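# Structure assessment
What follows is the residue order along each chain.
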Amino acid sequence: AEVDGKTAFITGGANGIGLGIARALVTAGANVVIADIRDDSLDEAAAWLDADSQVETVLLDVTDREGFNDAADAAEVRFGKVHMLIGNAGIGIGGPVSEAAYDDWDWGLGVNLGGVINGLVTFLPRIKAHGEGGQIVATSSQSAMIPIPGAAIYTTAKAAALGLMESIRGELEADNIGVSAFLPGPVQTKIAQSGELRPEEFRENSGYAQHERNLEKRPNSPLWMTIEEVGERVLAGMRANDLYILTHPEFRAGMETRFKAILASIPNEPINAERAEAIAFLLSN
Ligand code: NAI
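Computed from a prediction, not measured in an experiment: that's the story for all the values here.

Rules of the game
- Residues numbered from 1 in each chain as written.
- Predicted model: local features only at pLDDT ≥ 70, side-chain atom pairs only at ≥ 80, totals over all residues.
- Heavy atoms only, no water.
- Helix = DSSP H or I, 4+ residues; strand = E, 2+ residues; numbered from the N terminus.
- Rg over C-alpha atoms; globule rule 2.2 N^0.38 Å.
- Buried < 20%, exposed > 50% of the residue type's maximum accessible area, 1.4 Å probe, protein only.
- Contact = heavy atoms within 4.5 Å.
- Pairing = 2+ DSSP bridges.
- Axes fitted to C-alpha atoms, helices over the stretch in contact; angles between N-to-C directions.
- Polar contact = N/O pair within 3.5 Å; in protein donor to acceptor, adjacent residues only side chain to side chain.
- Expected span 1.5 Å × (residues − 1).
- Arc of directions from axis to C-beta.
- Near = heavy atom within 4 Å.
- Nonpolar A, V, L, I, M, F, W, Y, C, P; charged D, E, K, R; others polar.
- Parallel < 35°, antiparallel > 145°, perpendicular 65-115°, else oblique.
- Left-handed = near helix turned anticlockwise from the far one by under 90°.
- Salt bridge = Lys/Arg side-chain N within 4 Å of Asp/Glu carboxyl O.
- 1 Å grid on protein atoms, 1.4 Å probe; cavity = no way out; pocket = protein on both sides within 12 Å on 5 of 7 lines; lining within 4 Å.
- Points joined across faces, edges and corners; volume = space filled by probe spheres on them.

As a further point, take the overall build of the chain. Counting secondary structure elements, the chain contains 10 helices and seven strands. Since a compact globule built from 285 residues should have a radius of gyration of about 19 Å, the 19 Å found for the chain is in line with a globular shape. Seen through its principal axes, the chain has C-alpha atoms that stretch 60 × 50 × 35 Å. Going through the 285 residues of the chain one by one, you find that 48% of them count as buried. For the chain, contacts bridging at least 24 residues in sequence account for 75% of all contacts bridging at least 6.

Okay, structure coming up:
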């Protein structure tokens, strides 16, 4: 859909990919609310976007449902209506699954999946109510399709965010609300610094403290994509209402291998015509 003159709410918009998306949207004439848990980054981000009349910042932890509602109110006070929700806030979390404690699962799923859900529950009624249509985008990850070894929590959240976007797409069509899943490959961001953001309550019993310190030392490669480039790709995908927005052809072979393995696991038996009808009925409801 067209974004010019419309308003977007971007979680995790003060750094990295969310900031790149904000830049592309502002340049395309949209108003942008960047919501983030990093207070210091919000001011820097607004300065970098350099478009006061089109940008609002709001401090938000996406796991805080009441805070989400307040942030949505603030966005509407500033710009009237919100049309686009970009559920992008996320943290990097990795380590062997056998060392993952509940604190790691709860933090990882709470932000990377729960944040997307909280945004949807907050904004969907508001977008439906104004009747002008809109776009829901979740930043999943290429790793939802080709899991990164040693990142079970991350992959679980990202695969679920993808499934969520796929499942709501048809339902929201009638309200002229488009749905996209963004599945980027590696991008130059601050994600390695995610450990700074782990709340105290999820620290004491974490099994991942050392893995988090290791991740902090991981430098960005100049070969990873820039936030400006991913921002443009997301903007194009939103305009075209693409369900899947991907970035890297380097993952094609791996995805083909995966889909072939899935297809190969389908029982090689004749289709039962009556059962096929019953299944079609189930899918049409
Ligand atoms: P980043 O760390 O540069 O930006 C993430 C932003 O989200 C930060 O500003 C951070 O303060 C914010 N944030 C974190 N937890 C939050 C919370 N609880 N509430 C509100 N804001 C919160 O990282 P990046 O890479 O830009 O990450 C954005 C999204 O992209 C994430 O969902 C990440 O999983 C995803 N992604 C990143 C890839 C990469 O290579 N960097 C690849 C695939 C997906």
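Picking up after the structure, the text goes on.
A few words now on the sheet that holds strand β3 (residues 55-59). The parallel open sheet is built from seven strands, whose spatial order is β3-β2-β1-β4-β5-β6-β7. The open sheet is flanked by β3 and β7 (244-246), the only strands paired with a single partner. Shown here is a sheet whose adjacent strand axes are inclined to one another by a mean of 15 degrees, direction ignored. Alignment of strand β4 (residues 84-87) against strand β5 (residues 134-139), held across four bridges, turns out to be parallel. Directly across from Met84, in β5, lies its bridge partner Gln135.

On to the environment of His83, then. Turning to its location among the elements, His83 is positioned in the loop between α3 (65-79) and β4. Take His83: its relative accessible area is 6%, and that puts it in the buried class. Separated by 47 residues in the primary sequence, His83 and His130 place their C-alpha atoms 8.8 Å from one another. A polar atom in the side chain of His83 sits 2.8 Å from the side chain of Glu132.

Here we take up α3. Helical periodicity: at 3.6 residues per turn, an α-helix aligns residues three or four positions apart in one direction. Its 15 residues place the ends of α3 21 Å apart at the C-alpha level, agreeing with the 21 Å of an ideal helix rising 1.5 Å per residue. Among all positions of α3, only Gly67, Phe68, Ala71, Ala72, Ala75 and Phe79 are buried. In a view along the axis of α3, the buried residues occupy a sector of 140 degrees, so they form one face of it. Opposite the buried face of α3, at more than 90 degrees from it, the exposed residues are Glu66 and Val77. The secondary structure elements touched by the buried residues of α3 are β1 (7-11), β2 (31-36), β3 and α5 (114-130). N-cap assignment for α3: the residue whose side-chain oxygen lies 3.2 Å from the backbone N of Glu66 is Asp64.

Turning next to the site of the ligand. The environment of the ligand is made up of 28 residues, and the closest members are Ile17, Asp36, Tyr154, Lys158 and Thr189. Within the backbone of Ile37, one N or O atom sits 3.3 Å away from a nitrogen atom of the ligand. The contact in question runs from an oxygen atom of the ligand to an N or O atom on the backbone of Lys190, over 2.9 Å. Residue assignment for the shell around the ligand shows that the elements contributing at least two residues are α1 (16-27) and α6 (152-173). Considering only residue class, the shell around the ligand consists of 13 nonpolar, 10 polar and five charged.

For the rest of this paragraph, the subject is the packing of α1 against helix α2 (residues 39-49). At their nearest, the axes of α1 and α2 sit 10 Å apart, and the two run at 30 degrees to each other. What the angle tells us is that α1 and α2 run roughly parallel. Handedness of the α1/α2 crossing: right-handed. Contact residues: α1 offers Leu19, Ala22 and Arg23, while α2 offers Ala45, Trp48 and Leu49.

In total, this model carries 11 salt bridges according to the counting rule given. Ionic pairing is found between Glu200 and Arg203, a salt bridge with its closest N-O pair at 3.8 Å. On the basis of relative accessibility, which here comes to 63%, the residue Glu200 falls in the exposed class. In this structure Arg203 comes out as partly exposed when scored by relative accessible area, which is 34%. Here the residues in one salt-bridge network are Asp73, Glu76 and Arg126, joined through shared partners.

Looking now at empty space enclosed by the protein. Enumeration according to the criterion identifies one cavity of 30 Å³ or more in this entry. What lines the largest cavity is simply Leu85, Gly87, Val116, Leu120, Ile136, Val137 and Met165. The residue makeup of the lining of the largest cavity, split by class, is six nonpolar, one polar and no charged.

In this structure, Asn176 takes a positive phi of about 60 degrees despite not being glycine. Inspection of the secondary structure puts Asn176 in the loop between α6 and β6 (177-183). With phi around 50 degrees, Asn241 is a residue other than glycine that occupies positive phi space. Secondary-structure assignment places Asn241 in the loop between α8 (227-239) and β7.

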